[in-house]
Each structure stands twice: as structure tokens, then as C-alpha cells.
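# Inside the fold
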Amino acid sequence: MQEVIIATKNAGKAKEFKRMFLPLGYEVKTLLDYPEFEDIEETGSTFEENAILKAEAVSKALNKIVIADDSGLMIDALDGRPGIYSARYAGEAKNDDANMDKVLEELKDVPQAERTSRFYCALAVAVPGKETETVAGTCEGSILTEKRGSFGFGYDPIFFCTEKGKAMAELEPDEKSEISHRANALRKLEDMLPVLFPGADRK
Ligand SMILES: O=c1nc[nH]c2c1ncn2[C@H]1C[C@H](O)[C@@H](COP(=O)(O)OP(=O)(O)OP(=O)(O)O)O1
Ligand SMILES: [Mg+2]
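Overview of the structure. No experiment lies behind these values; they were computed from the predicted model shown.

The rules behind each value
- Residues numbered from 1 in each chain as written.
- Chains lettered and ligands numbered in written order.
- Predicted model: local features only at pLDDT ≥ 70, side-chain atom pairs only at ≥ 80, totals over all residues.
- Pairing = 2+ DSSP bridges.
- Helix = DSSP H or I, 4+ residues; strand = E, 2+ residues; numbered from the N terminus.
- Contact = placed C-beta atoms within 7 Å.
- Axes fitted to C-alpha atoms, helices over the stretch in contact; angles between N-to-C directions.
- Core = buried A, V, L, I, M, F, W, Y, C linked by C-beta atoms within 7 Å.
- Buried ≥ 20, exposed ≤ 12 C-beta atoms within 10 Å, placed from the backbone.
- Arc of directions from axis to C-beta.

### Looking at the sheet that holds strand S1 (residues 2-6)
- Taken together, the seven strands give an open sheet; going across it, the order is S2-S1-S3-S4-S5-S6-S7, and neighbouring strands pair in mixed fashion. With partners counted over all chains shown, the strands left at the sheet margins are strand S2 (26-30) and strand S7 (166-167), one partner each.
- With two bridges joining them, strand S6 (residues 159-161) and S7 adopt antiparallel strand pairing. Each bridged residue has a counterpart across the sheet, and for cysteine 161 the counterpart in S7 is lysine 166.
- Packed onto the sheet, helix H2 (residues 47-62) meets S1, strand S3 (66-75), strand S4 (116-126) and strand S5 (133-143) and runs at close to 160 degrees relative to S3.
- Here helix H5 (residues 181-189) sits on the sheet and contacts S3, S4 and S5; the angle it forms with S5, its principal contact strand, is near 155 degrees.

Next comes the structure, spelled out in C-alpha cells:
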């Protein structure tokens, strides 16, 4: 099967990409399959800049086409935070539970109507010798007052997905992959895939 490399070390993202690319006819490899890669510093000031940094670093090292995902949670009552700092919101350790606890604490006096939020995902496609392109997708929702559900990863237990009427972590993996910010971003790449990777056997 045609291989697609995603420059991520996040196991939750890796699973979602594998699930979403399979019906398109592609097998996903991630940095979990290339453990020699060091962490790539996310020094950009936007999701797009950080996705480009990650995709280009790995594309240059492997001399192959590489896709990267930079994503996070934006909360209106917090002026868009945690935003690009989502992974390390409660500290360098990248602890999902601590990150969610920090958000819940910051929002403890914020009423339901003001808890609107969205997930954002930027995908960058680095092609050796070409300009890197980006696409983005979002998923609208609001922040719950406690954690719910056990699917997914990251902030999924505290994010109420408007479109599905459930916490993101209550959605089965296939349901999340219909409506997620990551799925919505990937849809914008789909037309490019046969050009980037000729010869995939679409099912
Ligand atoms: O669908 C999602 N459901 C819940 N939480 C999510 C989602 N998508 C992103 N997030 C959160 C997780 C992490 O706190 C941050 C991503 O940070 P981000 O730098 O893009 O990823 P990361 O450091 O975990 O892995 P890597 O950079 O190797 O891809 O946003
Ligand atoms: Mg990261």
C-alpha cells in the first residue's frame, strides 16, 4: 500500500490518521515508526507555522513528502487560549489531565453560554523542492464543566461537540473521524493526494 508519512509523535493523532487514510488507500507512518527523530521545536506563532516547521524538518531529513499536524483548542472566554500552547498548557510535561484541569479551573465561574470553543487543525504538506502548502479545519463546540467519556485523547473529555451533541471523548473513533477538525482539514487535502502519491489503490 502507498505510504504517507505524518511528522507526529502523538499516538492519538497517529491512530486517527491511520483510520482516516486507510479507506483512501494509504498506509500511515509516523515518527513513532522513526524513533531517531528528536522533538522538533514549535517556535512559530501560528498553527500553520508550527505545522510547516515539523513537516519541513522531517521532509528534509528523509527527502520524502511529509505531512505534519499542528492543532489545539481555542476557548473564546480565554481569548483563544490555550491555542498553539495547548500541548504544554499546564507545563512542559504535556499532561492531558493537568491541561484539562487548568482549563476547567480557569472557566469555573464562566456560564455555559460563554464557554464556546473550537478545535483547530493545520496540516502542512512538505514536498522536496516545492513550496510547503497548508490547509486547516475546525470543529465547533463548548467546554464542559467536568470530564466525560474515554475515547480519543488530549482535551476530548472536556469538549462538547455541537455537531454530535456529545463530549468528543464519548464519540467512537469512526464518529470523531467524521466531524473532527483533523478530518475537516484532511478533506481539503484529499484532492491533492493522488497527485502527491500516484498509484494508491483507492477502495
Ligand atoms: O482531536 C483532538 N482532541 C483532543 N485534543 C486535541 C486534539 N487535537 C489536538 N489536541 C490537543 C492535544 C495537544 O494538547 C495539542 C496538540 O499539540 P501539537 O503540538 O499539535 O501536538 P503534540 O505536541 O501532541 O504532537 P506533535 O507535535 O508531535 O504532532 O492539542
Ligand atoms: Mg507538538
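Structure shown, so let's carry the discussion forward.
### Some thoughts on the nonpolar core
- Formed by 48 residues in total, the largest nonpolar core has its most connected members in Ile6, Ala55, Ile67, Leu123, Ala124 and Phe159.
- Counting residues per element, this core draws most heavily on S4, which supplies eight residues.
- In contact with phenylalanine 159, other than residues within four places in its own chain, are Leu73, Ser117, Phe119, Gly141, Ile143, Ala167 and Met168.

### Observations regarding unusual backbone geometry
- With omega at -5 degrees, the peptide bond leading from arginine 81 into proline 82 counts as cis.
- Relative to the helices and strands, proline 82 is located in the loop between S3 and helix H3 (96-106).
- Positive phi values are uncommon outside glycine, yet asparagine 63 reaches one of about 55 degrees.
- Turning to its location among the elements, asparagine 63 is positioned in the loop between H2 and S3.
- Overall, the presence of 9 C-beta atoms within 10 Å leaves asparagine 63 in the exposed class.
- A positive phi angle, close to 55 degrees, is found at aspartate 79, a residue other than glycine.
- When the 8 C-beta atoms within 10 Å are taken as the criterion, aspartate 79 is described as exposed.

### Some details on H3
- Within H3 the residues assigned to the buried category are Asp96, Asn99, Met100 and Val103. Across the axial projection of H3, the buried residues extend over an arc of 95 degrees, all falling on one side. Residues of H3 that are exposed and angled more than 90 degrees away from the buried face: Asp97, Ala98 and Glu105.
- Turning to H3, the residues buried within the fold contact S3 and S5.

All quantities given are derived from atomic positions and should not be read as evidence of function.
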